[in-house]
Structure formats: structure tokens, C-alpha cells
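# Structural characterization, general
Chain by chain, the residues:
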Amino acid sequence: MSSIERINPPELSPATGFSHAVTATGGRLVFLAGQTALDADGKITGDTLPEQFERALTNLLTALRHAGGTPDTLARVTVYATDVADYRTHAREIGRVWRELAGRDYPAMAVIGTTRLWDEQALVELDGLAVLSD
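Residues numbered from 1 in each chain as written. Predicted model: local features only at pLDDT ≥ 70, side-chain atom pairs only at ≥ 80, totals over all residues. Heavy atoms only, no water.

## Brief notes about the sheet that holds strand S5 (residues 108-113)
If you walk across this open sheet you meet the 4 strands as S3-S6-S4-S5, and the pairing is mixed. Across the chains shown, the open sheet's two edge strands, defined by having one partner strand only, are strand S3 (28-35) and S5. Adjacent strand axes in the sheet meet at a mean angle of 10 degrees, parallel and antiparallel pairs treated alike. Sheet analysis places strand S4 (residues 74-81) next to S5, joined by 6 bridges and oriented parallel. Looking at the pairing, Arg76 lines up with Ala108 of S5. Contacting S3, S4 and strand S6 (124-132), helix H1 (residues 49-66) crosses the sheet at an angle of about 30 degrees to S6. (Pairing = 2+ DSSP bridges. Helix = DSSP H or I, 4+ residues; strand = E, 2+ residues; numbered from the N terminus. Axes fitted to C-alpha atoms, helices over the stretch in contact; angles between N-to-C directions. Contact = heavy atoms within 4.5 Å.)

Set out below in C-alpha cells:
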């Protein structure tokens, strides 16, 4: 059986929308490929970063579900954004999307700025790591 523990030491700034550290013991690792706002036809959907984030997270969680996982098994998620300032501007809305789709348990996370993603219309991409029970 795997166990995930989220660690947020009081000596660090409050963890809002992420966990400072996540430990995982036992289980099977699932490496989740980068997901953008591609629909089933391979076209980017959504004009705004929050719209694209919602689709990208949905895609990531769909891959996770098909691997046998659930949002609470996510240990790590990396967000790649073409405009970090825009991401920060929409942080509350993005947080609401996360809570609606993935719940209130946050993995260890990072947001990384990039000049462009594989699909030129993509504004955001998410990849992740989950730990599933054996």
C-alpha cells in the first residue's frame, strides 16, 4: 500500500496551491506526460490561460485515471506557462479550477516560464508524477 504525506513546515511561507514537500512510500510510480489544452481531435481549445489550464488539467487527470490513479495520488506537478505574469494574474481562478477538478490536496508543484510550447497556441502545459498502491 502506498502512502502520500504532504509536508508544509511552519518555518516556511504558507503553502497556497502547492505543498512544500511530499513523501511517498510503497506503491507504483506513474509518470504523466505533459498535457496541454488539446481536445480529442488534436486542436488547442480555450482562448485564455484559465480555460486552457482547465483542459490541460482535465487531460492530465484523464491519463492518471486510466493508469489507475486519482488526484490525491499526485505527488508532483510541474506547470509550464508561456506568460508567468498572466498565470499569477489568474491564480485565484486557476486555484478554483484545481479544487473543482483535483480537490484540496496539493502535490509539490512548480510553475516554470517558457517562451513557447510544442503547440504554438498552447499557453500552459502540465506534467506530473503519481504514486499508486500496489
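## Structural notes on the environment of Ala75
The residue Ala75 is located in strand S4 in this model. Spatially, the C-alpha atom of Ala75 lies 10 Å from that of Ser3, the residues being 72 residues apart in sequence. The contacts of Ala75, once residues within four sequence positions are left out, are Val22, Pro107, Ala108, Leu129, Ala130 and Val131.

## Here we look at the environment of Val111
Mapped onto the elements, Val111 comes out in strand S5. Put simply, Val111 and Val131 are 20 residues apart on the chain and 21 Å apart in space, counted from C-alpha to C-alpha. Residue contacts for Val111: discarding those within four places in its chain leaves Val79, Ala81 and Tyr87.

## Overview of the pattern of salt bridges
Taken as a whole and assessed by the stated rule, the structure comprises 2 salt bridges. A salt bridge links Arg96 to Glu100, with the nearest nitrogen and oxygen atoms 2.9 Å apart. Remark: Glu100 and Arg96 occur in helix H3 (residues 91-102); sequence separation between them is 4 residues, near one turn of the helix. Judged by relative accessible area, which is 35%, Arg96 ranks as partly exposed. Glu100 sits in the exposed class, given a relative accessible area of 53%. (Salt bridge = Lys/Arg side-chain N within 4 Å of Asp/Glu carboxyl O. Buried < 20%, exposed > 50% of the residue type's maximum accessible area, 1.4 Å probe, protein only.)

## Focus: a negative patch on the surface
On the surface, a cluster of negative charge is contributed by Asp47, Glu51, Glu54 and Glu93. Mapped onto the elements, Glu54 comes out in helix H1. (Patch = residues over 30% accessible without salt bridge, like charges linked within 9 Å, V, L, I, M, F, W, Y side chains within 5 Å. Areas by Shrake-Rupley, 256 points an atom, 1.4 Å probe, with all protein chains shown as cover. Lys, Arg positive; Asp, Glu negative; His and termini not counted. Charge placed at Lys NZ, Arg CZ, Asp CG, Glu CD.)

Purely spatial values, then, with no claim about function.
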